[in-house]
Amino acid sequence: MAESNVPVLEVRDLKKHFPVKKGLLRRTVGQVYAVDGISFTIASGETLGLVGESGCGKTTAGRTVLRLTEPTSGSIEVGGTEITGLSKAELRPYRRQMQIIFQDPFSSLNPRMYAGDIVGEPLLVHGVSSKKERAEQVAALFARVGLRPAQMSNYPHQFSGGQRQRIGIARALALGPKLIVGDEPVSALDVSIQAQVINLLKDLQRERQLSYLFISHNLAVVEHISHQIAVMYLGRIVEYADTRSIFTRPQHPYTEALLSAVPVPDPAIKRNKLVLQGDVPSPVKPPSGCHFHTRCPYVVPRCRIESPPLREIAPGHKVSCHLR
Ligand code: SF4
């Protein structure tokens, strides 16, 4: 799909609002502003880390980009082609190019299917009808993700958590995608296993020029795999920059707070500690002005009234805060 200089994915002003229905007549009484106008770009062979607490809209953003959930408005270009208006049939070739890895490798794998059939299913659905050919391709995928081809005839419960996530990765790779959305793909794993899976994803990226949209609530997890990071709060991107800038010069108080939870390996590096109070407010009734004002220690009166635009404050570094 993508020419080398065309982004694999370009998302502009994407919104996903869910109606809130009530009563016998199921009347719409409000909207959940799950994703409220986000824009980002992912180049070929690069990773965008999408970070925020639970309830910030990042999972909905990932699903909407893949059109597993239909967007309310906005634009999604895959390799330069707008896909928001495409019919199911027209979308099919793009579905091959965009795959997803889920958080919970156990619930996302059918417990009654052999692991080999799970990995081979996308091949069958997309027309690789020869059983022998499928078995060969699945065996190669097993070997590539660090599983033994002999394990193809095991059931998911016979694998460890890390191995199950490897099955999920092999399934995502089966159709030779350009882009993989990882929705908290390592959150359910032990820390040492997380590192192994992230290293596998990085190796695969180098080998296959893969692009990732890597969704996580944990900045420490995305640090080692992301080229760019977008920090999301209540449906909006509040900071967007290359990974180094986010870690060395965070500009948004929310990013600062997320970073406060990340251990610093070098004691010479001092970071502002900012501990967040309370939970993310409801996306049905987001706070007025800056959505973050109810939790921000630097809040000024203007923040309660006026929503700060996402502005470029240095080349490639955007932030949405009145004080920057
Ligand atoms: Fe805090 Fe105001 Fe900046 Fe929002 S605009 S992050 S409330 S200082």
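Keep in mind that this is a model prediction, so the values were computed, not measured.

**Concerning the packing of helix H5 (residues 161-173) against helix H6 (residues 191-208)**
How two helices pack is summed up by the angle between their axes together with the distance between the axes. It is the contact of H5 with H6, at a shortest axis distance of 10 Å, that shows an interaxial angle of 20°. When the axis of H5 is compared with that of H6, the two are roughly parallel. Two packed elements cross with a definite hand, and for H5 against H6 that hand is right-handed. Counted together, Gly162, Gln165, Arg166, Ile169 and Leu173 of H5 and Ile193, Gln196, Val197, Leu200, Leu201, Leu204 and Arg208 of H6 form the full contact between these two elements. Each residue belonging to the contact of H5 with H6 can be placed in one class, and the counts come to seven nonpolar, three polar and two charged.

**Thoughts on the sheet that holds strand E8 (residues 211-216)**
What holds strands together in a sheet is hydrogen bonding between their backbones, with the strands either parallel or antiparallel. Here we have eight strands laid out as an open sheet, ordered E6-E7-E8-E3-E9-E10-E12-E11, and mixed in their pairing. Two strands bound the open sheet, and with one partner strand each, they are strand E6 (98-101) and strand E11 (311-314). Averaged over all adjacent pairs, the angle separating strand axes in this sheet is 20°, with direction ignored. Relative to E8, strand E3 (residues 47-51) runs parallel, the two being bridged by five bridges. When the bridges of E8 are listed, Leu48 appears paired with Leu213.

**With respect to the sheet that holds strand E5 (residues 81-82)**
A sheet is described by the order of its strands in space; here four strands give the open sequence E2-E1-E4-E5, paired in antiparallel fashion. The strands lining the two open edges of the sheet, one partner per strand, are strand E2 (27-42) and E5. Sheet strands touched by helix H1 (residues 58-65): strand E1 (9-22), E2 and strand E4 (73-78). Its angle to E1, the strand with the most contacts, is close to 115°.

**Brief notes about the environment of Pro250**
Residue position: Pro250 is located in the loop between helix H8 (243-248) and helix H9 (253-260). For the pair Pro250 and Tyr240, spaced 10 residues apart in sequence, the C-alpha separation works out to 9.7 Å. If sequence neighbours within four positions are ignored, Pro250 has contacts with Glu239, Ser245, Thr255, Glu256 and Leu259.

**Quick look at the environment of Thr41**
Structurally, Thr41 is set in strand E2. With relative accessibility at 33%, the residue Thr41 sits in the partly exposed group. With 29 residues separating them along the chain, Thr41 and Arg12 place their C-alpha atoms 8.6 Å apart. Setting aside its immediate chain neighbours within four residues, Thr41 contacts Pro7, Leu9, Glu10 and Tyr240.

**Let's talk about the site of the ligand**
Around the ligand, the neighbouring residues are His252, Pro253, Cys290, Phe292, His293, Cys296, Tyr298, Cys303, Pro308, Cys321, His322 and Leu323. For the shell around the ligand, the class distribution of residues is nine nonpolar, three polar and no charged.

**What about the pairing of E8?**
The element E8 is extensively covered by neighbouring structure, given that six of its six residues are classed as buried. Burial along E8 is two-sided: Ser211, Leu213 and Ile215 facing one way and Tyr212, Phe214 and Ser216 facing the other are all buried. Pairing between strand E7 (residues 179-183) and E8: five bridges, direction parallel. For Val181, the partnering residue across the bridge sits in E8 and is Leu213. The β-α-β motif built from E7, the intervening H6 and the parallel element E8 has right-handed crossover chirality.

**Considering helix H4 (residues 131-144)**
Over its 14 residues, H4 extends 20 Å from the first C-alpha to the last, a length consistent with the 20 Å expected when each residue adds 1.5 Å. Turning to H4, its buried residues number three or more, namely Arg134, Val138, Leu141 and Phe142. When H4 is viewed along its axis, its buried side chains cluster within an angular range of 100° and face the same direction. Elements that come into contact with the buried residues of H4 comprise helix H3 (115-125) and H5.

What counts, and at which threshold
- Residues numbered from 1 in each chain as written.
- Predicted model: local features only at pLDDT ≥ 70, side-chain atom pairs only at ≥ 80, totals over all residues.
- Heavy atoms only, no water.
- Axes fitted to C-alpha atoms, helices over the stretch in contact; angles between N-to-C directions.
- Helix = DSSP H or I, 4+ residues; strand = E, 2+ residues; numbered from the N terminus.
- Parallel < 35°, antiparallel > 145°, perpendicular 65-115°, else oblique.
- Left-handed = near helix turned anticlockwise from the far one by under 90°.
- Contact = heavy atoms within 4.5 Å.
- Nonpolar A, V, L, I, M, F, W, Y, C, P; charged D, E, K, R; others polar.
- Pairing = 2+ DSSP bridges.
- Buried < 20%, exposed > 50% of the residue type's maximum accessible area, 1.4 Å probe, protein only.
- Near = heavy atom within 4 Å.
- Right-handed = clockwise from strand over helix to strand, strands pointing away.
- Expected span 1.5 Å × (residues − 1).
- Arc of directions from axis to C-beta.

Distances and angles like these do not, on their own, reveal function.
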